[in-house]
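# Residue-level structural notes
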Amino acid sequence: RGVSLSRVIHMKILIIEDEALLADSLRTLLGRAGFEVEVVSDGDSGAEYALTGICDLLLLDVMAPRLDGFSLARRVRAERVTTPILMLTARADVRDRIEGLNAGADYYLTKPFDNRELLACINALLRRQGSQIYVLSYGNTSLDLSGCTLSAESSVRLSSREFDVMRLLMQAAGRSVRKGTLLTRVWGFDSGAGDNNVEVYIGFLRKKLRAIGSNLSIEVIRLMGYHLEVRGD
């Protein structure tokens with residue numbers, strides 16, 4: 001059964017759009033549809049965010065400043081990030097659509113577009129992802145993205161912030177995630193949160209991992225950040 005828009009709680013869409021009015025309109029539309037939405041206004045920032053793997057879909061403007069949509073898509077695909085990419089553009093020429101698809105986009109929607117068509121495109125792209133989009137697994141542990149549940153020998157429900165931190169760590173699959181990245185992605189650019197906030201939630205997650213019989217541990221390397229290790233490997 002396909003993904004429906006009523007089931008996209010905790011699914012994140014990254015919008016890369018420098019036109020402020022359009023970006024705000026898209027944020028409102030997708031927020032009402034149940035998505036968590038992040039907006040950046042340039043391609044460089046968008047690529048950095050996309051490469052964390054935390055997003056379920058990228059919605060990007062071909063003419064984004066600093067790094068255009070075609071280049072961004074190529075960079076993301078070169079790093080083997082498989083997140084669906086939906087390109088938005090006023091350029092309707094067939095050659096542009098071909099370039100976008102060859103760069104790694106999954107769909108190419110021209111402006112102006114009907115909001116219903118946009119939502120239908122998003123729904124179709126997420127449906128192609130299948131059930132994998134709802135569960136992340138590492139070691140003997142899985143994270144249910146629709147229910148915020150962390151499971152191993154037993155299960156525990158995570159708070160919203162615990163979930164977001166754990167999701168970043170699970171998606172990194174053993175690679176280090178810097179403390180600054182966690183602060184930005186989980187608390188936001190202008191939240192005023194500091195290193196102590198990250199350390200507190202890492203502590204919460206370590207306790208919950210032990211409580212459910214997980215074979216994962218959250219390790220830290222100075223100047224590199226936090227990563228997951230499978231005990232016994």
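Attention here is on the structure that accompanies the text. (Residues numbered from 1 in each chain as written. Predicted model: local features only at pLDDT ≥ 70, side-chain atom pairs only at ≥ 80, totals over all residues. Heavy atoms only, no water.)

Helix and strand counts for the protein come out as 8 helices and 11 strands. Computed over its C-alpha atoms, the radius of gyration of the protein comes to 18 Å, within 12% of the 17 Å expected for a compact globule of 233 residues. With the C-alpha coordinates aligned to their principal axes, the bounding extent of the protein is approximately 55 × 40 × 30 Å. For the protein, restricting intrachain contacts to residue pairs at least 6 apart in sequence, the fraction spanning at least 24 positions comes to 59%. With the model as given, the accessible surface of the protein reaches about 11500 Å², and the carbon-plus-sulfur share is 47%. Distance between charge centres in the protein, computed from 30 positive and 29 negative side chains, equals 4 Å. (Helix = DSSP H or I, 4+ residues; strand = E, 2+ residues; numbered from the N terminus. Rg over C-alpha atoms; globule rule 2.2 N^0.38 Å. Contact = heavy atoms within 4.5 Å. Areas by Shrake-Rupley, 256 points an atom, 1.4 Å probe, with all protein chains shown as cover. Lys, Arg positive; Asp, Glu negative; His and termini not counted. Charge placed at Lys NZ, Arg CZ, Asp CG, Glu CD.)

Now for the packing of helix α7 (residues 179–187) against helix α8 (residues 195–211). Relative to each other, α7 and α8 sit at 85 degrees, their axes nearing to 9 Å. The angle between the axes of α7 and α8 places the two elements in the roughly perpendicular class. Where α7 abuts α8, its residues Lys179, Leu182, Leu183 and Trp187 lie against Asp195, Asn197, Val198, Glu199 and Tyr201. Among the residues forming the contact of α7 with α8, the class breakdown is 5 nonpolar, 1 polar and 3 charged. (Axes fitted to C-alpha atoms, helices over the stretch in contact; angles between N-to-C directions. Parallel < 35°, antiparallel > 145°, perpendicular 65-115°, else oblique. Nonpolar A, V, L, I, M, F, W, Y, C, P; charged D, E, K, R; others polar.)

Now for the packing of helix α6 (residues 160–172) against α7. Where α6 contacts α7, the axes come no closer than 10 Å and their chain directions differ by 130 degrees. In terms of orientation, α6 lies oblique with respect to α7. For the crossing formed where α6 meets α7, the hand is right-handed. Only Leu182, Arg185, Val186 and Trp187 of α7 make contact with α6, whose side of the interface consists of Arg161, Asp164, Val165 and Leu168. Taken together, the residues of the contact of α6 with α7 sort by class into 5 nonpolar, no polar and 3 charged. (Left-handed = near helix turned anticlockwise from the far one by under 90°.)

To continue, consider α6. Taking 1.5 Å of rise per residue, the 13 residues of α6 would be expected to cover 18 Å, and the 19 Å separating its terminal C-alpha atoms lies within 8% of that figure. Among the 13 residues in α6, 11 count as buried, and that is most of the element. Taken together, the buried positions of α6 are Glu162, Phe163, Asp164, Val165, Met166, Arg167, Leu168, Leu169, Met170, Gln171 and Ala172. Where α6 terminates, the next one or two residues include alanine 173, which has phi positive at roughly 50 degrees. (Expected span 1.5 Å × (residues − 1). Buried < 20%, exposed > 50% of the residue type's maximum accessible area, 1.4 Å probe, protein only.)

Okay, the sheet that holds strand β2 (residues 36–40) next. The 5 strands are arranged β2-β1-β3-β4-β5 in an open sheet whose pairing can be described as parallel. The strands lining the two open edges of the sheet, one partner per strand, are β2 and β5 (107–110). The mean inter-strand angle of the sheet, taken between neighbouring strand axes irrespective of direction, is 20 degrees. Two strands pair when backbone bridges link them, and strand β3 (residues 57–61) and strand β4 (residues 85–89) are joined in this way by 4 bridges, in the parallel orientation. Bridge pairing in β4 links leucine 59 to leucine 86. Sheet strands in contact with helix α2 (residues 43–50) are β1 (12–16), β2 and β3, and its direction is about 160 degrees off that of β1. (Pairing = 2+ DSSP bridges.)

Time to look at the sheet that holds strand β8 (residues 149–151). On the basis of which strands lie adjacent, the open sheet formed by 4 strands has the order β6-β7-β8-β9 and antiparallel pairing. Two strands lie at the open edges of the sheet, namely β6 (135–138) and β9 (155–157), each paired on one side alone. Neighbour-to-neighbour, the strand axes of this sheet turn through a mean angle of 15 degrees, independent of strand direction. Note: β6 against strand β7 (residues 141–144), 4 bridges, orientation antiparallel. The residue bridging leucine 136 from the neighbouring strand is leucine 143, located in β7. Across the sheet, α6 touches β6, β7, β8 and β9, and the angle it forms with β7 is around 125 degrees.

Counted according to the given criterion, the structure contains 12 salt bridges. In this structure, lysine 208 and glutamate 162 form a salt bridge, with 2.7 Å as the shortest nitrogen-oxygen distance. Of this pair, lysine 208 sits in helix α8 while glutamate 162 sits in helix α6, placing them 46 residues apart in sequence. Under the relative-accessibility criterion, glutamate 162 is labelled buried at 5%. Of the charged contacts, one joins glutamate 199 and lysine 179 as a salt bridge, the two residues approaching to 2.8 Å between their closest N and O atoms. You can see glutamate 199 sitting in helix α8 and its partner lysine 179 sitting in helix α7, a full 20 residues away along the chain. Accessibility expressed as a relative area gives 22% for lysine 179, which makes it partly exposed. One network of salt bridges, in which partners are shared, links Lys12, Glu36 and Asp164. (Salt bridge = Lys/Arg side-chain N within 4 Å of Asp/Glu carboxyl O.)

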